[in-house]
Amino acid sequence: MSNPYQTAYERSLSDPDGFWGEAARDLHWYEPWTKVLDDSNKPFYRWFTGGMVNTCHNAVDRHVAEGRGDQAAVIYDSPVTGTVKTYTYRDLLDQVSRFAGVLASCGVTKGDRVVIYMPMVPEAVFAMLACARLGAVHSVVFGGFASSELATRINDAKPKVMVSASCGIETSRVIPYKPLLDAAIDMATHKPDRVVMLQRPQAEATMIAGRDVDWAGAMAAATPADCVPVLATDPLYILYTSGTTGQPKGVVRDNGGHMVALKWSMRAVYDVKPGEVYWAASDVGWVVGHSYIVYAPLLNGNTTLVYEGKPVGTPDAGAFWRVIAQHKVTTLFTAPTAFRAIKREDPRGELLAKYDLKHFRALFLAGERSDPDTINWARDNLKVPVIDHWWQTETGWSIAANCMGLHEFPIKPGSPTKAAPGWDLQVLDESHEPCPPGKVGSLVVKLPLPPGTLPTLWNADQRFIDSYLAEFPGYYKTADAGYIDEDGYVYVMARTDDIINVAGHRLSTGAMEEVLASHPDVAECAVIGAHDALKGQLPLGFLVLKAGVTKPDAQVVKEVVQLVRERIGPVAAFKSATVVNRLPKTRSGKILRGTMQKIADNEDYKMPATIDDPGILPEIEEALTSIGYAKGRKGE
Ligand code: COA
Ligand code: AMP
């Protein structure tokens, strides 16, 4: 039966130029595009070629010019510092244009890169928009990454300037950022000319004369800078995400297609109207933060929330309800893990009774698989639709969703509903043949991808092809496995690579293995993602020690845990490892990580036919049981 979703979906695939060209009229263009979809250099498809735009103008200036100057643009709500502060669109314009002036005075011009390493403070949003204003390319690095991860990103992006803050606050712990930043710059072969530092009173940073610039002082002296028109196809940002090795992938986002898709998504996917309050409880360091804390809500003239706190512990499991009630939030977007944390502390949702959530309309979940228990708990307690939607850093917005602004489909828990308009989503088997409904295969998207998705990887066109396009020619490989049922509902089951998802954070087990392997006592190692009731998955290491190591096993485990924290960061949440005599392998030498994961999760498994030594699996089971996995798992 036809409905607005069906009509939009069909048109987006049969007439992409007409569909996205119409959506683009909702934005301000200095020069119109010459082509909506440019397929002249396949497989590098581009959107809105020839068009001239500025993302900051569309997110900030135009709203002031069109009468939204007094509306709240950004609300900073920080239970960890006891602060609530509102910035109107006029205030936002003032902050952003002045910070663009600061960056310009540090030598930043169109095309230069700026690395931003900041906690959840509004200045992070100002810095991102200021880059967009100048046509500079920002690369935000999540605060939970260690210095060496930051150094890798500095070397790849080669920023002229870095922007940071003196500290972050994790519940009640103050984490000084400046020593991490200084160490990263020391490690990096590329050196930024300037570092702009936001001093926070919780931990003031020591400044390096000649390189470091004080945020407040520079803002006071700044001359506001105007928007610089850029090509729609020019890069807006680079966001590094985990790949299968320690070298992260620099996902590139353009200006034109990104704005068109995100603004369209606010109405079509989230059903949010300009002026309403929209809250993505994530971090600006992740794609959810880029798309739905910063760009999409501001492009759509919404009020967005910058929340510096956790779902629990700041101060309690009612924190989200307090924020929703206090700021009249209509739509919340977060990761299922946040709701699992709330549910664990307040299983009956009793704290909800303290708050008036009458403005609250819908909860959107993404970042990891939404388990039906969490969805049902949220729906029963909040009494609003709970919408699972599926996307990736690479895609920038949802591949599959219940598009609430087009047509609300009945929810099937465990499914992010249907492919969104623009996405020709298919399931292919190992011989690249389409799978019938219900059969699990590789989830792939027939090219071209819609606007807003990655056009390439930063300075790595071949890696882009190798990573995403080579395995299924003519398709983008999502690296997720799943199926589509007879009603067109999509089910995302598991990654097909070694990426794991820890509290909605994407991590590479390959990168962790590289760290473990660098320990002088480790001969061989493997890392898997074991099930965790709160975080979805947690990394779990297996170590085979070199002959002659006399150190106690527990000491080596302690040292590798510390090494991962130092090299990747606390966000990896790598806390468990076990020493074994051998790793289970196939006769051709491939480590049987899938079997190890099933054993760790205490699931039934079949003895792999290709295993070289079946006797090893009981040993693995015993080692895991002794550290609380496998048969040692407690009831959850
Ligand atoms: N700066 C410095 N350290 C950080 C950090 C940051 N920005 N963010 C996290 N960390 C640290 C944490 O303090 C923790 O350190 P620890 O090992 O010393 O305790 C570690 O990294 C792991 O953090 P996290 O995975 O967030 O675990 P947590 O126990 O602190 O909180 C949840 C668990 C579920 C409450 C939390 O993950 C959460 O709120 N998730 C919400 C969903 C979300 O933000 N998803 C992102 C994508 S949508
Ligand atoms: P990231 O790039 O960090 O956003 O992580 C993307 C990955 O998270 C996807 O490839 C999926 O494996 C997983 N993911 C995100 N959203 C969902 C969802 N709604 N359901 C299942 N998996 C999801």
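Along each chain, residues carry numbers from 1 onward, in the same order as the chain's sequence is written. Naming scheme: in the order in which they are written, chains are lettered from A and ligands are numbered from 1. For this predicted model, a pLDDT threshold of at least 70 governs which residues receive local features, and a threshold of 80 or more governs which side-chain atom pairs are given and counted, while totals over whole chains, interfaces and linings are taken from all residues. Water and hydrogen atoms were dropped before computing side-chain values, which therefore reflect all heavy atoms in the structure.

**Side note on the overall build of the protein**
Then, number 1: Helix numbers and strand numbers start at the N terminus; a helix is a DSSP run of H or I with at least 4 residues, a strand a run of E with at least 2. If you tally the helices and strands in the protein, you get 18 helices and 31 strands.
Then, number 2: The C-alpha radius of gyration computed for the protein amounts to 24 Å, which stays within 12% of the reference 26 Å derived for 636 residues, consistent with globular compactness.
Then, number 3: Along the three orthogonal principal directions, the C-alpha set of the protein runs to about 70 × 65 × 55 Å.
Then, number 4: By definition in these notes, contact holds between two residues if any of their heavy atoms fall within 4.5 Å. The long-range fraction of contacts in the protein, counting pairs at least 24 apart against all pairs at least 6 apart in sequence, stands at 70%.
Then, number 5: Per-residue accessibility takes into account occlusion by the displayed protein chains alone, with areas from the Shrake-Rupley method and a 1.4 Å probe. Carbon and sulfur atoms form 51% of the exposed surface of the protein, whose accessible area is close to 23900 Å².
Then, number 6: The averaged location of the 74 negative side-chain charges in the protein is 2 Å from the averaged location of its 65 positive side-chain charges. Between the two quantities, the radius of gyration covers C-alpha atoms and the globule rule is 2.2 Å times the number of residues to the power 0.38. Within this scheme the basic residues Lys and Arg register as positive and the acidic residues Asp and Glu register as negative, but His and the chain ends are omitted. A charge is said to be at NZ when it belongs to Lys, at CZ for Arg, at CG for Asp and at CD for Glu.

**A short note on the domain arrangement of the protein**
Then, number 1: Per the annotation, domain bounds derive from an automatic or database assignment of domains. You can read the domains of the protein as domain 1 (4-309 + 389-482) and domain 2 (503-633).
Then, number 2: Taking only C-alpha atoms, the centre of domain 1 and the centre of domain 2 are 34 Å apart.
Then, number 3: Facing 17 residues of domain 1, the contacting portion of domain 2 comprises 14 residues.
Then, number 4: Once two parts are brought into contact, the accessible area they lose, counted with a 1.4 Å probe and summed over both, makes up the buried area. Across the domain 1/domain 2 interface, buried area totals approximately 1100 Å², and carbon plus sulfur atoms make up 47% of it.
Then, number 5: When a carboxyl oxygen of Asp or Glu lies within 4 Å of a side-chain nitrogen of Lys or Arg, that pair is called a salt bridge. At the boundary of domain 1 with domain 2, the tally comes to 1 salt bridge.
Then, number 6: With its nearest N and O atoms 2.9 Å apart, the salt bridge here joins arginine 506 to glutamate 394.
Then, number 7: Whenever two N or O atoms come within 3.5 Å, that pair is a polar contact, provided that in protein one can donate a hydrogen and the other can accept it, and provided that, for residues adjacent in sequence, both atoms are side-chain atoms. There are 6 residue pairs in polar contact (both at pLDDT 80 or more) connecting domain 1 and domain 2.
Then, number 8: Per-class residue counts for the side of domain 1 that touches domain 2 are 4 nonpolar, 10 polar and 3 charged. Ten residues, namely Ala, Val, Leu, Ile, Met, Phe, Trp, Tyr, Cys and Pro, are considered nonpolar, four, namely Asp, Glu, Lys and Arg, are considered charged, and the remaining ones, Gly among them, are considered polar.

**A short note on the site of ligand 2**
Then, number 1: Think of it this way: one heavy atom of a residue within 4 Å of a molecule or strand is enough to make that residue near it. As a matter of local geometry, ligand 2 sits amid 15 residues, with His389, Thr393, Asp480, Arg495 and Arg506 nearest to it.
Then, number 2: A distance of 3.5 Å separates a nitrogen atom of ligand 2 from a polar backbone atom of arginine 369.
Then, number 3: Here an oxygen atom of ligand 2 and a side-chain polar atom of arginine 495 are 2.7 Å apart.
Then, number 4: About the coverage of ligand 2: the protein hides 93% of its 490 Å² of free accessible area.
Then, number 5: For the shell around ligand 2, the class distribution of residues is 4 nonpolar, 5 polar and 6 charged.

**Some details on the pattern of salt bridges**
Then, number 1: Under the defined criterion, the tally for this structure stands at 38 salt bridges.
Then, number 2: A salt bridge links lysine 160 to aspartate 112; its shortest N-O distance comes to 3.1 Å. Highlighted residues: lysine 160 in the loop between helix 6 (147-157) and strand 8 (161-165) and aspartate 112 in the loop between helix 4 (89-105) and strand 6 (113-117), separated in sequence by 48 residues.

**Observations regarding the packing of helix 4 against helix 5 (residues 122-134)**
Then, number 1: Interaxial distance between helix 4 and helix 5 falls to 8 Å at its minimum, and their mutual angle equals 65°. On the basis of the axis angle, helix 4 is roughly perpendicular to helix 5. Crossing handedness for the pair helix 4 and helix 5: right-handed. Seen from helix 4, the contacting residues are Leu92, Leu93, Gln95, Val96, Ser97, Phe99, Ala100, Leu103 and Ala104; seen from helix 5, they are Phe126, Ala127, Leu129, Ala130, Cys131, Arg133 and Leu134.
Then, number 2: Residue composition of the contact of helix 4 with helix 5, grouped by class: 13 nonpolar, 2 polar and 1 charged. All axes are obtained by fitting lines to C-alpha atoms, using only the stretch in contact for helices, and the reported angles, taken between N-to-C directions, cover 0 to 180 degrees. Angles are sorted into four bins: roughly parallel if under 35 degrees, roughly antiparallel if over 145, roughly perpendicular if 65 to 115, and oblique for all others. By definition, any crossing whose near helix is turned counterclockwise from its far helix by less than a right angle is left-handed, and any crossing with a clockwise turn is right-handed.

**Looking at the sheet that holds strand 20 (residues 386-388)**
Then, number 1: Sheet architecture is open: 7 strands sit in the order 5-4-17-16-18-19-20, paired in mixed fashion. Lying at the two open borders of the sheet, with one neighbouring strand each, are strand 5 (83-88) and strand 20. With direction set aside, neighbouring strand axes in the sheet form an average angle of 20°.
Then, number 2: Pairs of strands are assigned from DSSP output, requiring at least two bridges between the strands. Bridge analysis of strand 18 (residues 329-334) against strand 19 (residues 362-365) gives 4 bridges, and the strand direction is parallel. Pairing of leucine 332 across the sheet is with leucine 363, part of strand 19.
Then, number 3: Packing against the sheet, helix 12 (residues 336-345) makes contact with strand 18 and strand 19, and its axis sits at approximately 100° to strand 18.

**A word on the site of ligand 1**
Then, number 1: Looking at ligand 1, there are 22 residues lining it, with Glu170, Arg173, Lys535, Arg565 and Lys575 nearest.
Then, number 2: Within the contact set of ligand 1, a nitrogen atom lies 3.2 Å away from a side-chain nitrogen or oxygen of tyrosine 177.
Then, number 3: Taking lysine 310, its side chain carries an N or O atom lying 2.9 Å from an oxygen atom of ligand 1.
Then, number 4: Compared with its free state, where it exposes 940 Å², ligand 1 has 84% of that area covered by protein.
Then, number 5: Tallied by class, residues from the shell around ligand 1 come to 10 nonpolar, 6 polar and 6 charged.
Then, number 6: Looking at the shell around ligand 1, you find at least three residues from each of domain 1 (4-309 + 389-482) and domain 2 (503-633).

**Notes on the nonpolar core**
Then, number 1: One finds Leu129 and Tyr292 to be the most contacted residues of the largest nonpolar core, which totals 129 residues.
Then, number 2: When residues in this core are grouped by element, the largest group, 10 residues, is from helix 5.
Then, number 3: To qualify as a nonpolar core, a set must consist of buried Ala, Val, Leu, Ile, Met, Phe, Trp, Tyr and Cys residues joined through side-chain atoms within 4.5 Å. Exposure is judged per residue with a 1.4 Å probe applied to protein chains only, and the accessible area is read against the type maximum: over 50% gives exposed, under 20% gives buried, and values in between give partly exposed. Val515, Leu543, Leu545 and Ala573 belong to the second-largest nonpolar core, a separate cluster that totals 49 residues.

**Here we look at the environment of phenylalanine 320**
Then, number 1: With respect to the helices and strands, the residue phenylalanine 320 is situated in helix 11 (residues 319-327).
Then, number 2: Residue phenylalanine 320 is classed as buried on the basis of its relative accessible area, which comes to 2%.
Then, number 3: Here phenylalanine 320 is in contact with Trp279, Ala281, Tyr307, Lys310, Pro311, Leu332, Thr334, Ala338, Phe339 and Ile342, once residues within four sequence places are set aside.

**What about the confidence of the model for the protein?**
Then, number 1: Across the chain, each position has a pLDDT score giving the predictor's confidence in that residue, from 0 to 100. Across the protein, pLDDT averages 96, with 100% of residues at or above 70.
Then, number 2: For the protein, the element scoring lowest by mean pLDDT is strand 28 (residues 505-508), at 93; helix 5 scores highest, at 99.

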